[in-house]
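Here's the letter readout for the chains.
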Amino acid sequence: MAQFENPILPGSHPDPSVCRAGSDYYLVTSTFEYFPGLPIYHSRDLVHWRLLGHVLDRPSQLPLQGVRASGGLYAPTIRYHDGVFYVVCTLVDGTTKSGNFVVTATDPAGEWSEPQWLPEADGFDPSLFFGDDGRAWWTGTREVPGGGPGQTEVWLREFDPVHRELIGDEHVLWTGALRDSVWLEAPHLYEVGGKYVLLCAEGGTDFEHSVVVATADEVTGPYRGSPLNPVLTHRHLGRDHPIAAAGHADLVLTQHGQWFAVLLATRPYGGYNYNLGRETFLVPVSWEAGGPVFSPGTGRVETRYDVPALPAHPWPEVPETDDFDGPVLDPSWMFLRTPDEVFWSLADRPGHLRLRVRPESVTDLATPSLVVRRQQHQDFHASCVLEFDPARPGETAGMVLLQNDEHHVRLLLGSHREVTLVVRAGGQDTPLARTTVPDGAVRLCFEATGQDYRALVASGGGEWRPLGEPFDGRVLSTQAAGGFTGVHIGLLATSSGAPSGSWADFGSFTYRGLSPSRERSAAG
């Protein structure tokens, strides 16, 4: 039988949530400080996914200005009911707006509503449940008042989908599966076999992550934890296992009666380091005695499974090279926080992405002239073609490997045609190498084989040449940098705090995964 390979969404795609509308499946994930927020993916077979766009793609929907690294959008849930799609989510540590909200759309690819904020909804990780009796319910997680660090509880209130507000009494449903457990979160409710099933994450978002379950006869409880808890975890497999931190699951029932779960997990490499962040995986689920069995037969997330009993529906391959010849940026590109002004153009010079040189940079909690996309492979090639003539010292443009403002790598062209490679760790810059290039277009490149990263430079159509020695990519791992995101590869133009009227033109950007048997820069 044909098989699929995990993860189904590689790169930083944490906290997945999925729903079905007829024979179509839609999935959203967290995006934290990046704009637009909450990518929405579409599939017809649960294996092949295409990026439709983003739920929050207008600045009015998503005030991320000044938000800290790994603040912003946490743990969305998507649901479909009576012709309407709902997404609920939490904006954490916003500088102008924070808390829980709901948005709706009748077409997931179309325009989503402005957020309706629910100040009465405490905590984070909200979810919606539409019962068979026609009533709707909101679940959420909050820290227990007076509790210890990480002590949380799941609560429930009825949700009015017409007015998009909470009504009725509040009910505390559960405080966790294990004694002294921490960070019970990501609660999702389902109605299966006459029982209400509460699925949650527990143990935090790293190595101790897990999936736990409780059931009740009434939606308001009382809920009893399964004696099989945790129903899924990899913490007992050790840090050398190729898949770790499995948790934060959401269930979906196919039109043919099969159950599956999407969940997050990591793929550590070079020791317990995962530069790709938390990724989205798919596992089969069965039911025994009213409870879910994840990955029947092995009880752990595998790299390969038999495909679901759905007609295969692959989408056209995404081109490796973006020539910036469309009317708008490809939806794979994002900005760091919400832009207050338009600093990019595909029309000023057709066939090029033009970035205005502005004072903001990636070292600031701001929105620099930067576009990014996810690193999605442990071994990869990423390169760009750049034309840039800085008007004064401090103006630079080029590529960035971004983990956060204090941990990243910059490969930038500046004054006197000098290309500089700088690693920033713990908020401190360390120049690694520099070279000069002749006038005209320059090509810049990052490549990685595992945690061995290197920078390359080429002039015009010339050969790639290494810039300095390979450097250790662990500086970009979550273990070094903290936070909740994976590495994003960016194109940047900055004047390092000074006013500027310059711009940088990027003629193309290429990204591809590399296999061990494939040539590296020679294939560029």
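Note that the structure is a prediction, hence the values are computed from the model and not measured.

Draft legend 1. Quick look at the layout of surface pockets. The calculated volume of the largest pocket comes to roughly 1700 Å³. When grouped by side-chain class, the residues that make up the lining of the largest pocket number 24 nonpolar, 11 polar and 13 charged. Its volume calculated, the second largest pocket comes out at about 570 Å³. Around the second largest pocket, the lining comprises 19 residues; the ones closest to its centre are Arg20, Arg79, Tyr80, Phe130 and Tyr190. Listing elements by their share of the lining of the second largest pocket, those giving two or more residues are strand S2 (17-21), strand S7 (72-81), strand S11 (124-130), strand S15 (185-192) and strand S20 (244-253).

Draft legend 2. Broad picture of the sheet that holds strand S8 (residues 84-92). Pairing is antiparallel in the open sheet, where 4 strands are placed in the order S7-S8-S9-S10. Two strands close off the open sheet at either side, each with one partner strand: S7 and strand S10 (116-117). The pairing of S8 with strand S9 (residues 99-105) spans 7 bridges and is antiparallel. What sits directly across from valine 87, in S9, is valine 103.

Draft legend 3. Expanded view of the pairing of strand S34 (residues 428-436). Both strand S33 (residues 418-425) and S34 contribute to a ladder of 8 bridges, which runs antiparallel. Across the sheet, residue arginine 424 finds its bridge partner in S34, namely aspartate 429. Taken together, S33 and the strand that follows it, S34, pair antiparallel across an intervening segment of 2 residues, in which glycine 426 is found at a positive phi of about 60 degrees.

Draft legend 4. Layout of the packing of aromatic side chains. Tallied over the full model, the rule gives 23 aromatic pairs. Aromatic side chains tyrosine 74 and phenylalanine 484 sit 5.7 Å apart centroid to centroid with 80 degrees between the ring planes, which places their arrangement in the edge-to-face category. Within this pair, whereas tyrosine 74 is found in strand S7, its partner phenylalanine 484 is found in the loop between helix H1 (478-481) and strand S38 (488-494), the two being separated by 410 residues in sequence. With a centroid separation of 4.3 Å and an interplanar angle of 35 degrees, the aromatic rings of phenylalanine 335 and tryptophan 344 are classed as tilted. By relative accessible area, which is 7% here, phenylalanine 335 ends up buried. Through successive ring pairs, a cluster of aromatic residues spans Tyr86, Phe130, Trp138 and Phe159. The lysine or arginine in question, arginine 50, covers the ring of tryptophan 315, its NZ or CZ lying 4.1 Å from the ring centre. Lying over the aromatic face of tyrosine 272, arginine 239 brings its terminal NZ or CZ to 5.3 Å of the ring centre.

Draft legend 5. A look at the confidence of the model for the protein chain. The predicted model of the protein chain averages 96 in pLDDT, with 98% of residues at 70 or higher. In the predicted structure, residues 517-524 sits below a pLDDT of 50 and forms 17 contacts with residues beyond four places in sequence or in another chain.

Draft legend 6. Structural view of the nonpolar core. Ranked by internal contacts, the top residues of the largest apolar core, which has 68 residues, are Leu401, Phe446, Leu491 and Phe509. One finds Ile8, Tyr190, Val197 and Val231 within the second-largest nonpolar core, a separate group that totals 37 residues.

Draft legend 7. Fine view of the sheet that holds strand S23 (residues 291-294). Pairing within the open sheet is antiparallel, and its 4 strands lie in the order S20-S21-S22-S23. The strands lining the two open edges of the sheet, one partner per strand, are S20 and S23. Adjacent strand axes in the sheet meet at a mean angle of 40 degrees when their direction is disregarded. Of the pairings in the sheet, the one linking strand S21 (residues 259-266) to strand S22 (residues 279-288) comprises 7 bridges and is antiparallel in character. Within S22, the residue paired with tryptophan 259 across the bridge is valine 285.

Draft legend 8. A look at the state of the cysteines. As enumerated under the stated definition, the model contains 0 disulfides in all. Cysteine 384 takes part in no disulfide bond, and the closest cysteine sulfur, belonging to cysteine 445, lies 9.0 Å away. On the accessibility criterion, cysteine 445 (0% relative accessible area) is buried.

Draft legend 9. Broad picture of unusual backbone geometry. Following phenylalanine 35, the chain continues into proline 36 via a peptide bond in cis, with omega recorded as -5 degrees. Looking at the element boundaries, proline 36 is found in the loop between strand S4 (34-35) and strand S5 (37-43). Cis geometry marks the peptide bond from glycine 221 to proline 222, where omega comes out at 10 degrees. Within the secondary structure layout, proline 222 lies in the loop between strand S17 (210-216) and strand S18 (224-225). In this structure, alanine 186 takes a positive phi of about 55 degrees despite not being glycine. Of note, alanine 186 is situated in strand S15. In this structure alanine 186 comes out as buried when scored by relative accessible area, which is 4%. Look at histidine 416: it is not a glycine, yet its phi comes out positive at around 60 degrees.

Thresholds applied
Residues numbered from 1 in each chain as written. Predicted model: local features only at pLDDT ≥ 70, side-chain atom pairs only at ≥ 80, totals over all residues. Heavy atoms only, no water. 1 Å grid on protein atoms, 1.4 Å probe; cavity = no way out; pocket = protein on both sides within 12 Å on 5 of 7 lines; lining within 4 Å. Points joined across faces, edges and corners; volume = space filled by probe spheres on them. Nonpolar A, V, L, I, M, F, W, Y, C, P; charged D, E, K, R; others polar. Helix = DSSP H or I, 4+ residues; strand = E, 2+ residues; numbered from the N terminus. Pairing = 2+ DSSP bridges. Phe/Tyr/Trp six-rings, centres within 6.5 Å; stacked < 30°, edge-to-face > 60°. Buried < 20%, exposed > 50% of the residue type's maximum accessible area, 1.4 Å probe, protein only. Lys NZ or Arg CZ within 6 Å of the ring centre and 35° of its normal. pLDDT = per-residue confidence, 0-100. Contact = heavy atoms within 4.5 Å. Core = buried A, V, L, I, M, F, W, Y, C linked by side-chain atoms within 4.5 Å. Axes fitted to C-alpha atoms, helices over the stretch in contact; angles between N-to-C directions. Disulfide = S-S within 2.5 Å.

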